[in-house]
Amino acid sequence: MKELIVKATIDNLDQVLDFVNTELEAIDCPAKTQTQINVIIDELFSNIAYYSYEEEAGEAIVSFAVREGRTAIILAFSDYGVPYNPLEAEDPDITLGAQERGIGGLGIYLVKNMVDDIFYEYKDHKNILTIRKDI
């Protein structure tokens, strides 16, 4: 797995996107899949940047791997912030209009619907959210 460690601030989102996109381009990832992965990164890294650390931003670790045979990519987002499993949040009721829905939850809902597998664990005082996206 290749890894990028950055301060968990929104200013580093472009650095994370560049890191992953360089890897995706190296394996000739289809443009549609790459666009979906960029949306996923935007949502997940932004959540770390805005919500993981209570006061001063800590580290965010983004790990990238290609499954053997180049059938899928694995992305893991880790931080040492407040323990939080976003997969436990209730999915928003998308049948309601935007004004009727509560705030929050739509981003992780979209991520869950764009990936082929998603898994959360809290291990060694670290939040780890791992996704698999078939390519």
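Before going into details, it helps to say that this report is about the structure given with it. (Residues numbered from 1 in each chain as written. Predicted model: local features only at pLDDT ≥ 70, side-chain atom pairs only at ≥ 80, totals over all residues. Heavy atoms only, no water.)

1. Details of the packing of helix α1 (residues 13-26) against helix α2 (residues 31-52)
- Between α1 and α2, the shortest axis-to-axis distance is 10 Å and the interhelical angle comes to 150 degrees. Taken as axis vectors, α1 and α2 run roughly antiparallel relative to one another. Here the hand of the crossing between α1 and α2 comes out right-handed. Only Gln34, Ile37, Asn38, Ile41, Asp42, Phe45 and Ser46 of α2 make contact with α1, whose side of the interface consists of Leu13, Val16, Leu17, Val20, Asn21, Leu24 and Glu25.
- In terms of residue class, the contact of α1 with α2 is made up of 8 nonpolar, 4 polar and 2 charged. (Axes fitted to C-alpha atoms, helices over the stretch in contact; angles between N-to-C directions. Helix = DSSP H or I, 4+ residues; strand = E, 2+ residues; numbered from the N terminus. Parallel < 35°, antiparallel > 145°, perpendicular 65-115°, else oblique. Left-handed = near helix turned anticlockwise from the far one by under 90°. Contact = heavy atoms within 4.5 Å. Nonpolar A, V, L, I, M, F, W, Y, C, P; charged D, E, K, R; others polar.)

2. Things to note about α1
- For α1, spanning 14 residues, the distance from its first C-alpha to its last is 20 Å, which sits close to the expected 20 Å at 1.5 Å a residue.
- Packed against the buried residues of α1 are β1 (2-7), α2, β2 (59-66) and β3 (72-79).
- Following α1 by one or two positions, Asp28 adopts a phi angle in the positive range, close to 55 degrees. (Expected span 1.5 Å × (residues − 1).)

3. Quick notes on the nonpolar core
- Ranked by internal contacts, the top residues of the largest apolar core, which has 33 residues, are Val20, Ile41, Leu44 and Leu75.
- Looking at this core, the elements that each hand over two or more residues are β1, α1, α2, β2, β3, α3 (106-114), β4 (117-123) and β5 (126-134).
- Of all the elements, α2 adds the most residues to this core, at 7 residues.
- Not counting residues up to four positions away in its chain, the partners in contact with Leu75 are Val20, Ile37, Ile41, Val62, Ser63, Phe64, Leu129, Thr130 and Ile131. (Core = buried A, V, L, I, M, F, W, Y, C linked by side-chain atoms within 4.5 Å. Buried < 20%, exposed > 50% of the residue type's maximum accessible area, 1.4 Å probe, protein only.)

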